[in-house]
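Now for the letters of each chain:
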Amino acid sequence: MSSSVRAVSPAALLRALKPGWLRDPEVWRTEVLAGLVVALALIPEAISFSIIAGVDPAIGLFASFTMAVTISVVGGRRAMISAATGAVALVIAPLNREYGLGHLVAAVILAGVFQVVLGAVGVAKLMRFVPRSVMTGFVNALAILIFMAQVPEMTDVPWPVYPLIIGGLALMVGFRRITTVVPAPLVAIVILTVITVAAGIAVPTVGDKGELPSSLPVPGLPDVPFTMDTLATVAPYAFAMALVGLMESLMTAKLVDEITDTRSSKTRESIGQGIANIVTGFLGGMGGCAMIGQTMINVKVSGARTRLSTFLAGVFLMVLCIVFGPVVSDIPMAALVAVMVMVCFATFDWHSIAPRTLKRMPAGEITVMAVTVACVVATHNLAIGVVVGSVTAMVVFARRVAHFAEVSAVTAPDGGSVVYRVTGELFFASANDIVGRFDYAGDPGTVVIDLSGTHVWDASSVAALDAIETKYARRGKTVEIRGLNEASTRLRDRLGGRAPADH
């Protein structure tokens with residue numbers, strides 16, 4: 001053997017192949033405990049969403065298990081939690097009520113196929129058009145919705161629930177100041193459970209939400225006739241579920257990117273969500289998408305950063321249900337409410353509503369944020385709020401830049417010609433505005449329009465230039481347009497005389 005070639009031991013090779021975090025015991029502890037906390041928080045949520053969808057609680061729990069485990073492998077955003085969600089449950093509930101569980105499962109599988117296709121054609125790239133103000137409104141609305149979801153658990157309940165919630169919040173705040181080795185939410189859940197069981201305090205528990213499953217899901221095909229009629233019935237619900245699921249998942253991924261200061265593959269996440277829903281459907285689950293509340297518990301509260309926490313959240317969920325079902329059933333809902341209330345406070349962007357921030361922020365940005373929050377809270381649909389907020393931001397932007405195109409005129413000393421200089425950007429909002437800035441009747445016979453200080457962006461701008469030429473031509477005057485850059489010239493050559501002019 002050459003002296004330049006060194007033998008590598010199997011142990012050294014294994015260390016080289018392992019990611020760094022696999023060799024770090026502290027990371028393991030953080031990820032394992034984070035996965036356990038998320039699993040505990042997933043149980044009542046999954047049961048509640050099952051009730052919304054009109055299916056047995058086990059269907060929602062199975063979906064949360066399969067979504068989390070599958071997305072931990074195929075997803076594009078590390079440490080993000082995907083499971084059964086309220087947004088998806090609301091979309092498919094009418095289908096289940098009218099046609100039954102078989103059609104619901106078929107819709108979940110088809111929605112997964114739609115998501116894979118949408119991800120492959122690059123729908124994730126549309127996320128770049130979501131403005132910062134919409135993102136802020138989305139986060140704030142999310143925090144409000146999470147809190148609103150806890151209100152029923154604090155209404156018409158035995159009085160001990162309230163001191164338990166307050167005690168849980170105090171435990172989480174105080175314990176975090178002592179140490180972060182063990183997640184504070186897990187400590188609060190354990191202590192409050194021990195107190196209620198030992199003291200025999202009668203309060204609502206996880207077991208009151210529904211019966212936990214006692215076995216793993218079994219693969220199978222949906223119990224529906226495989227006909228075009230079935231496809232026609234299922235497809236609209238599946239497509240709606242695919243869009244809502246992708247919107248919520250991609251927004252959550254973008255939020256986690258900002259929190260962790262890392263980048264993720266939105267295309268891989270979109271395709272991964274589809275694969276997870278396909279797997280979930282064949283295992284009889286109700287489907288789902290990214291869960292923002294549980295993701296915040298995992299990333300922001302527990303400090304998880306790898307796929308291990310997502311995988312373990314799903315595994316622990318099934319272990320807790322099947323093996324430790326009686327123990328989990330005794331967890332007081334007050335403990336989980338306290339965890340979710342803490343998540344609300346951690347999620348809400350308090351800086352965005354501070355008086356100093358509001359004084360500095362443009363009115364349009366505040367309006368977009370407020371509209372996003374209002375739409376999400378009113379509809380309980382994050383996707384609708386994001387779409388309406390983004391459209392509002394586009395309108396605000398268009399109004400703002402519509403007046404950026406300026407027109408100034410200089411008449412030649414002999415009065416035989418006039419030069420109009422246009423500066424700014426010409427697009428659909430500003431182009432129509434400049435048509436009325438010319439003195440068609442009073443100008444001399446030769447008119448020069450200098451566009452060296454602008455750029456022509458769309459057909460509306462070309463149509464506006466055609467309209468200006470037409471108005472002068474009707475009066476027997478000559479128009480010379482000059483100064484167009486190369487891209488603007490190509491666009492005008494292609495569309496000139498074809499774009500409908502505003503006469």
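Please refer to the structure placed before this passage.
Fair warning: this is a prediction, and the values are worked out from it, not measured in the lab.

Criteria and cut-off values
Residues numbered from 1 in each chain as written. Predicted model: local features only at pLDDT ≥ 70, side-chain atom pairs only at ≥ 80, totals over all residues. Heavy atoms only, no water. Helix = DSSP H or I, 4+ residues; strand = E, 2+ residues; numbered from the N terminus. Rg over C-alpha atoms; globule rule 2.2 N^0.38 Å. Buried < 20%, exposed > 50% of the residue type's maximum accessible area, 1.4 Å probe, protein only. Contact = heavy atoms within 4.5 Å. Lys, Arg positive; Asp, Glu negative; His and termini not counted. Charge placed at Lys NZ, Arg CZ, Asp CG, Glu CD. Core = buried A, V, L, I, M, F, W, Y, C linked by side-chain atoms within 4.5 Å. Expected span 1.5 Å × (residues − 1). Salt bridge = Lys/Arg side-chain N within 4 Å of Asp/Glu carboxyl O. Axes fitted to C-alpha atoms, helices over the stretch in contact; angles between N-to-C directions. Parallel < 35°, antiparallel > 145°, perpendicular 65-115°, else oblique. Nonpolar A, V, L, I, M, F, W, Y, C, P; charged D, E, K, R; others polar. Pairing = 2+ DSSP bridges. Right-handed = clockwise from strand over helix to strand, strands pointing away. Patch = residues over 30% accessible without salt bridge, like charges linked within 9 Å, V, L, I, M, F, W, Y side chains within 5 Å. Areas by Shrake-Rupley, 256 points an atom, 1.4 Å probe, with all protein chains shown as cover. Polar contact = N/O pair within 3.5 Å; in protein donor to acceptor, adjacent residues only side chain to side chain.

J.: How do you make sense of the overall build of the protein chain when you look at a structure like this?
T.: A count of helical and extended segments in the protein chain gives 20 helices and six strands. A compact globule built from 503 residues would reach a C-alpha radius of gyration of about 23 Å, whereas the protein chain, at 30 Å, exceeds it by more than 25%. Taken along its principal axes, the extent of the C-alpha atoms in the protein chain is 100 × 80 × 60 Å. In the protein chain, buried positions account for 51% of the 503 residues. Restricting the contact set of the protein chain to residue pairs at least 6 apart, pairs at least 24 apart contribute 84%. Treating the 37 positive side-chain charges of the protein chain as one cloud and the 34 negative ones as another, the clouds have centres 8 Å apart.

J.: Would you explain the nonpolar core in this entry?
T.: The tendency in soluble globular proteins is for nonpolar side chains to be buried as a group. Counting 107 residues, the largest nonpolar core has Ile43, Leu61, Met286, Ile297 and Leu317 as its most contacted members. Not counting the four nearest positions on each side in its chain, leucine 317 is found in contact with Ala39, Leu42, Ile43, Leu61, Ser64, Phe65 and Leu312. Among the nonpolar cores identified, the runner-up in size contains 22 residues, and Tyr420, Ile449, Val462 and Leu491 belong to it.

J.: Looking at this model, I keep getting lost on helix 10 (residues 266-282). Mind explaining?
T.: It helps to recall that an α-helix has 3.6 residues per turn; residues three or four apart then point in one direction. A rise of 1.5 Å per residue sets the reference length of helix 10, with its 17 residues, at 24 Å; its end C-alpha atoms lie 25 Å apart and thus fit the reference within 8%. If you check which residues of helix 10 are buried, you get Lys266, Glu269, Ser270, Gly272, Gln273, Gly274, Ala276, Asn277, Thr280 and Gly281. Buried residues along helix 10 sit against helix 3 (57-74), strand 1 (82-83), helix 5 (101-120), helix 9 (228-260) and strand 2 (289-290). Two residues or fewer past helix 10, glycine 284 is found with a positive phi of approximately 80°.

J.: When you look at the pattern of salt bridges in this model, what are you seeing that I'm missing?
T.: Pairing between side chains of opposite charge can happen when the charged atoms of each approach one another. Overall, the coordinates contain five salt bridges when judged by the stated rule. Ionic pairing is found between arginine 132 and glutamate 258, a salt bridge with its closest N-O pair at 2.9 Å. On the criterion of sequence distance, the pair formed by arginine 132 in helix 6 (residues 132-150) and glutamate 258 in helix 9 is long-range, its members being 126 residues apart. A relative accessible area of 54% places arginine 132 in the exposed class.

J.: Got a minute to help me understand the packing of helix 6 against helix 9 in this structure?
T.: Relative placement of two packed helices is described by the angle separating their axes and the distance separating the axes. Here helix 6 crosses helix 9 at 100°, and the two axes come no closer than 11 Å. The angle between the axes of helix 6 and helix 9 places the two elements in the roughly perpendicular class. Only Met251, Lys254, Leu255 and Glu258 of helix 9 make contact with helix 6, whose side of the interface consists of Arg132, Met135, Phe138 and Val139. Split into classes, the residues belonging to the contact of helix 6 with helix 9 amount to five nonpolar, no polar and three charged.

J.: Please clarify how the pairing of strand 5 (residues 446-456) should be interpreted in this entry.
T.: Walk down a regular strand and you will see the side chains alternate between the two sheet faces. Here strand 5 lies mainly inside the structure; eight of its 11 residues are buried. Bridge analysis of strand 4 (residues 417-426) against strand 5 gives nine bridges, and the strand direction is parallel. Residue pairing for strand 5: valine 419 is matched across the bridge by valine 448. Regarding topology, helix 18 (residues 428-435) serves as the crossover connection from strand 4 to the parallel strand 5, and that connection is right-handed. As paired elements, strand 5 and strand 6 (residues 478-482) share five bridges and run parallel to each other. The residue of strand 6 that forms the bridge with threonine 446 is threonine 478. Between the parallel pair strand 5 and strand 6, the chain is carried across by helix 19 (residues 459-473), and the sense of this crossover is right-handed.

J.: Sorry, what's going on with a nonpolar patch on the surface here?
T.: A cluster of nonpolar side chains, namely Leu216, Val319, Ile322, Val323, Phe324 and Val327, defines an oily patch on the protein surface of about 510 Å² accessible area. Among the secondary structure elements, phenylalanine 324 is positioned in the loop between helix 12 (307-322) and helix 13 (325-329). Phenylalanine 324 gets classed as partly exposed once you look at its relative accessible area, which sits at 43%.

J.: How should I be thinking about the sheet that holds strand 4 in this particular structure?
T.: Hydrogen bonding along the main chain pairs the strands of a sheet, whether they run parallel or antiparallel. Taken together, four strands build an open sheet; the order of strands is 3-4-5-6 and the sheet is mixed. Every interior strand has two partners, whereas the edge strands, strand 3 (406-411) and strand 6, have only one. Sheet twist, expressed as the average angle between the axes of neighbouring strands with direction ignored, equals 20°.

J.: So what exactly am I meant to see when it comes to helix 12 here?
T.: The end-to-end C-alpha distance of helix 12, which contains 16 residues, comes to 23 Å, matching closely the 22 Å that a straight helix rising 1.5 Å per residue would cover. Every buried residue belonging to helix 12 is among Leu308, Ser309, Thr310, Leu312, Ala313, Gly314, Leu317, Met318, Leu320 and Cys321, and all of these are buried. On its buried side, helix 12 packs onto helix 2 (25-53), helix 3, helix 11 (292-301) and helix 13. If you check the start of helix 12, you find a side-chain oxygen 3.2 Å away from the backbone N of leucine 308, and it comes from threonine 306.

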